[in-house]
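Residue-level structure breakdown
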Amino acid sequence: EATSLHAHRSERITMRVCFVTNFIPPYRKTFFEKLCANPRDQWLILRGRVGQETGRPDYKGKIAAPTREVENVERPLGPFTLRFQRGALAAVQPHKPDVLVLLGMAGNISNWLLLLWARITGKRVVIWACGWEPQKAGSLSLWLKQRLMSTYFGLADKCLLYSTKGMNYLASTGVSRQKMEVCFNGIEIDELLVNEQKIIDEAAAIRTRESNTGDFVFIYVGGLLEEKRVDLLLDAFASIHNENP
């Protein structure tokens, strides 16, 4: 009976969680909806407002999850990009989260403010990251970035990495492996399944418009960003095509 009573009380426990993200890509829409559907927890998704095209799509439709928007501010600084989400701390504080989930963006100043606030007020912090940096290997810029990362990730209670390689990379910067767990990265396909026929029709139209009958067509899926090295992909295909028309 005591065990049953304890289990009943545990079911009523509510954890307040705030997930801070710079934007919500389409393949994360149902991810957030499923997280927030858990009736035992109270969620707030704090998302940045994307004012212009950045090479990654920002979901503009309705999301069945409690969200608030703050303004994204980005400024280039040499090989780095400094980011700030104006109003992030003021938006998080009224929610009174037990757990704060941040992205692994050590160049986001507002993330540092949230992280320090969480440490001072006794909140738990989880940092979610891919464990990859665009700075050139062996460069001074990467060395400086890694020193910053060591402190940033070191302040978290737990770090979730996209892959084993990402975990090993973060460990190489000095972050304790005891803090890290691998949480393999993937995309939600619910929206794709709902719109399957529309996607197939659009794909056929693109193929007709962009290629000739019988052509072998490659498709690149990802952000159109310099660090994605789409130029390398195109050069590789050109080289292969010259050898094998």
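What counts and what doesn't
Residues numbered from 1 in each chain as written. Predicted model: local features only at pLDDT ≥ 70, side-chain atom pairs only at ≥ 80, totals over all residues. Heavy atoms only, no water. Helix = DSSP H or I, 4+ residues; strand = E, 2+ residues; numbered from the N terminus. Buried < 20%, exposed > 50% of the residue type's maximum accessible area, 1.4 Å probe, protein only. Contact = heavy atoms within 4.5 Å. Areas by Shrake-Rupley, 256 points an atom, 1.4 Å probe, with all protein chains shown as cover. Lys, Arg positive; Asp, Glu negative; His and termini not counted. Charge placed at Lys NZ, Arg CZ, Asp CG, Glu CD. Phe/Tyr/Trp six-rings, centres within 6.5 Å; stacked < 30°, edge-to-face > 60°. Lys NZ or Arg CZ within 6 Å of the ring centre and 35° of its normal. Expected span 1.5 Å × (residues − 1). pLDDT = per-residue confidence, 0-100.

**Structural notes on the overall build of the protein chain**
When its secondary structure is counted, the protein chain shows 9 helices and 8 strands. For the protein chain, the spread of C-alpha atoms along the three principal axes comes to 70 × 50 × 35 Å. Looking at the protein chain as a whole, 34% of its 245 residues are labelled buried. Partitioning the contacts of the protein chain with sequence separation of at least 6, the portion at a separation of at least 24 is 62%. Working note: accessible area of the protein chain is about 15,800 Å², and carbon and sulfur atoms make up 57% of it. Here the protein chain holds 32 positive side-chain charges and 26 negative ones, and the gap between their average locations is 9 Å.

**Let's talk about the packing of aromatic side chains**
The description of two aromatic rings rests on the distance between their centres and on the angle between their planes. Within the structure shown, the criterion is met by 9 aromatic pairs. For the ring pair phenylalanine 19 and phenylalanine 32, a centre distance of 5.0 Å and an interplane angle of 90 degrees mean the geometry is edge-to-face. Of this pair, phenylalanine 19 sits in strand β1 (residues 15–21) while phenylalanine 32 sits in helix α2 (residues 29–36), and the two are 13 residues apart along the sequence. Judged by relative accessible area, which is 3%, phenylalanine 19 ranks as buried. When its relative accessible area of 2% is taken as the criterion, phenylalanine 32 is described as buried. Both rings, one in tryptophan 112 and one in tyrosine 152, keep their centres 5.3 Å apart while their planes meet at 50 degrees; by these two values the pair is tilted. In this pair, tryptophan 112 sits in helix α4 (residues 109–121) while tyrosine 152 sits in helix α5 (residues 140–154), placing the two residues 40 residues apart along the sequence. Across this residue pair, the class does not change: tryptophan 112 and tyrosine 152 are buried. A connected cluster of aromatic rings, assembled from ring pairs, spans Phe19, Phe31, Phe32, Trp128 and Tyr162. The positively charged end of arginine 28 is found above the aromatic ring belonging to phenylalanine 31, 5.9 Å away from the centroid.

**Details of α4**
Helix length check: α4, at 13 residues, gives a terminal C-alpha distance of 19 Å against a target of 18 Å (1.5 Å per residue), a fit within 8%. Listed as buried for α4 are Ser110, Asn111, Trp112, Leu114, Leu115, Trp117 and Ala118. Those residues of α4 that are buried lie in contact with β1, β4 (80–86), α3 (88–92), β5 (99–103), β6 (124–129) and α5.

**Topic: the confidence of the model for the protein chain**
Averaged over all residues, the pLDDT of the protein chain is 88; the fraction at 70 or higher stands at 95%. Low pLDDT (under 50) marks residues 1–10, which in the prediction has 1 contact with non-local residues, meaning those over four places away or in another chain.

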